[in-house]
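# Residue-level structure breakdown
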Amino acid sequence: MIKWLNLREVATECGFKDTRTFKAHYMDKYPPDRQIGNRKWWKRSTVDFIIKTEFPDSFKD
């Protein structure tokens with residue numbers, strides 16, 4: 001089963017308090033896996049990859 005995370009959840013997982021920080025610096029590099037209108041979702045595996053790549057010190061197995 002695929003676990004989907006919305007923009008707010010992705011920003012929180014990456015350690016940002018505000019979604020605008022993620023949007024400004026990482027949205028172009030890691031586009032959403034699914035988008036309907038203005039709603040965006042990322043797969044759990046994609047978010048784990050983002051954290052592992054961009055924030056290796058904070059990644060937990």
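Here, every reference points to the structure presented above.
Because the structure is a prediction, the values reported are computed rather than measured.

### A look at the nonpolar core
Buried together is how nonpolar side chains tend to be arranged in soluble globular proteins. Grouped together as the largest cluster of nonpolar side chains are 15 residues, with contacts concentrated most on Val10, Cys14, Phe16, Phe22, Tyr26, Trp42 and Ile50. When residues of this core are traced back to their parent elements, those giving at least two are α1 (7-14) and α3 (44-54). For this core, the leading source of residues is α1, giving four residues.

### As for the sheet that holds strand β1 (residues 4-6)
A sheet is described by the order of its strands in space; here three strands give the open sequence β1-β3-β2, paired in antiparallel fashion. Here the strands that pair on one side only, and so sit at the sheet edges, are β1 and β2 (34-36). The sheet shows a mean angle of 30° between the axes of neighbouring strands, taken without regard to direction. In the packing of α1 onto the sheet, the strands contacted are β1 and β3 (39-43), and the crossing angle to β1 comes to about 90°. Contacts between α3 and the sheet are confined to β1 and β3, with β3 contributing the most and set at about 75° to the helix.

### Brief notes about the packing of aromatic side chains
Scanning the model with the defined rule gives six aromatic pairs in all. On the numbers, 5.7 Å between centres and 90° between planes, the contact of phenylalanine 22 with tryptophan 42 is edge-to-face. Here phenylalanine 22 is found in helix α2 (residues 19-25), whereas its partner tryptophan 42 is found in strand β3, with 20 residues between them in sequence. Given a relative accessible area of 0%, phenylalanine 22 falls into the buried group. A relative accessible area of 0% means that tryptophan 42 is categorised as buried. Ring centres of tyrosine 30 and phenylalanine 49 lie 6.4 Å apart, and the angle between their planes is 75°; this geometry places the pair in the edge-to-face category. You can see tyrosine 30 sitting in the loop between α2 and β2 and its partner phenylalanine 49 sitting in helix α3, a full 19 residues away along the chain. Over the face of the ring belonging to tryptophan 41 we find arginine 34, whose NZ or CZ atom lies 5.0 Å from the ring centre.

### What about α1?
Three or more residues of α1 are buried, namely Leu7, Val10, Ala11 and Cys14. One side of α1 holds all its buried residues, which, seen down the axis, span an arc of 95°. Away from its buried face by more than 90 degrees, α1 exposes Arg8 and Thr12. In this structure, the buried residues of α1 make contact with β1, α2, β3 and α3. Sitting at the amino-terminal end of α1 is asparagine 6, which places a side-chain oxygen 3.2 Å from the backbone nitrogen of arginine 8. Looking at the residues trailing α1, positive phi occurs at glycine 15, about 95°.

Rules behind the numbers
Residues numbered from 1 in each chain as written. Predicted model: local features only at pLDDT ≥ 70, side-chain atom pairs only at ≥ 80, totals over all residues. Heavy atoms only, no water. Core = buried A, V, L, I, M, F, W, Y, C linked by side-chain atoms within 4.5 Å. Buried < 20%, exposed > 50% of the residue type's maximum accessible area, 1.4 Å probe, protein only. Helix = DSSP H or I, 4+ residues; strand = E, 2+ residues; numbered from the N terminus. Pairing = 2+ DSSP bridges. Axes fitted to C-alpha atoms, helices over the stretch in contact; angles between N-to-C directions. Contact = heavy atoms within 4.5 Å. Phe/Tyr/Trp six-rings, centres within 6.5 Å; stacked < 30°, edge-to-face > 60°. Lys NZ or Arg CZ within 6 Å of the ring centre and 35° of its normal. Arc of directions from axis to C-beta. Polar contact = N/O pair within 3.5 Å; in protein donor to acceptor, adjacent residues only side chain to side chain.

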